[in-house]
Amino acid sequence: MYKRQSVDQVWLDFADEMMPIEINQFKLNNSEVHYRDFHTHPKIDLFLNKIYAEAQNLGTVEDTTKVLPATAKMTANMYGGSLVVNAKLNIFNKNIPDFDANVKINNLPLPYLNNFTQAHAKMDIEKGWFTAYVEAAAKNGQLKGYAKLFVKELDVIDKKEAKGMRFKDQVNESLVEAAAWILKNKKTGKIATKVKFEGKLTDPNI
């Protein structure tokens, strides 16, 4: 009778003992990834499609000549907006992977996220586009970076639907619109902020 063995050691040590791995190149072509939560109301199904990703020099064999021996890049469609990721990393660091990465989300149409915002924030977004630039680096579990966030032409309340809304939901959406108006650059029509973060990967300060 087969008895299942538990693996109580670091998984990378286990992988090294079983079989040293070296992947010269890994590619994804025209792929799709979903985030789904069927326990919320409404149910959530967010996705990226037209994903093209490439990673090089992935391996469990340690390369002492480079701090971040692996590279990865990815592009994807986000409901007509775009996602671009570029990273250098040591994915097989035996603690937490070290990396240096930048991410750009460009012109994501916010109404497509309404299932998520309705489920978690109880509000509808009628109009708006989201853009973000993120740069981050981590070494030995310590993270440092920043994010620049932009929202353009945000419209949260649909005046035609407001009459049928619960008062609590109207208040929530009104507060969002008020915050948007305060933060908006009157010349460009954009809401923008820069957020810095640093500290442990498991609990960074923002």
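The notes below deal with the structure included here.

1. Here's the deal with a positive patch on the surface
Side chains of Lys 144, Lys 148, Lys 194 and Lys 196 sit close together on the surface and give a patch of like positive charge. Those elements giving two or more residues to the positive patch turn out to be strand E7 (142–155) and strand E9 (190–200). Along the chain, Lys 196 falls in strand E9. When its relative accessible area of 59% is taken as the criterion, Lys 196 is described as exposed.

2. Regarding the pairing of strand E6 (residues 127–139)
As paired elements, strand E5 (residues 98–109) and E6 share nine bridges and run antiparallel to each other. What sits directly across from Ala 101, in E6, is Ala 136. Linkage of E6 to E7, two consecutive antiparallel strands, is achieved through a turn of two residues, within which Asn 140 is found at a positive phi near 55 degrees.

3. Overview of the pattern of salt bridges
Throughout the structure, instances matching the rule amount to two salt bridges. Among the ionic pairs, Asp 45 bridges to Arg 36, the shortest N-O distance being 3.4 Å. Note on Asp 45: relative accessible area 30%, which makes it partly exposed.

4. Some points on the packing of aromatic side chains
Tallying each qualifying case throughout the model produces three aromatic pairs. Aromatic pair Tyr 79 and Tyr 112: ring centres 5.1 Å apart, planes at 15 degrees, arrangement stacked. In this pair, Tyr 79 sits in the loop between strand E3 (70–78) and strand E4 (81–90) while Tyr 112 sits in the loop between E5 and helix H2 (114–121), placing the two residues 33 residues apart along the sequence. Grouped by ring-pair contacts, the aromatic residues Phe 47, Tyr 79 and Tyr 112 constitute a single cluster. The ring of Tyr 146 carries Lys 194 above its face, with NZ or CZ at 4.6 Å from the centroid.

5. Side note on the environment of Lys 148
Relative to the elements of secondary structure, Lys 148 occurs in strand E7. Its relative accessible area of 33% is what places Lys 148 among the partly exposed residues. Separated by 45 residues in sequence, Lys 148 and Thr 193 place their C-alpha atoms 5.9 Å apart.

Parameters and conventions
Residues numbered from 1 in each chain as written. Predicted model: local features only at pLDDT ≥ 70, side-chain atom pairs only at ≥ 80, totals over all residues. Heavy atoms only, no water. Patch = residues over 30% accessible without salt bridge, like charges linked within 9 Å, V, L, I, M, F, W, Y side chains within 5 Å. Areas by Shrake-Rupley, 256 points an atom, 1.4 Å probe, with all protein chains shown as cover. Salt bridge = Lys/Arg side-chain N within 4 Å of Asp/Glu carboxyl O. Lys, Arg positive; Asp, Glu negative; His and termini not counted. Charge placed at Lys NZ, Arg CZ, Asp CG, Glu CD. Helix = DSSP H or I, 4+ residues; strand = E, 2+ residues; numbered from the N terminus. Buried < 20%, exposed > 50% of the residue type's maximum accessible area, 1.4 Å probe, protein only. Pairing = 2+ DSSP bridges. Phe/Tyr/Trp six-rings, centres within 6.5 Å; stacked < 30°, edge-to-face > 60°. Lys NZ or Arg CZ within 6 Å of the ring centre and 35° of its normal.

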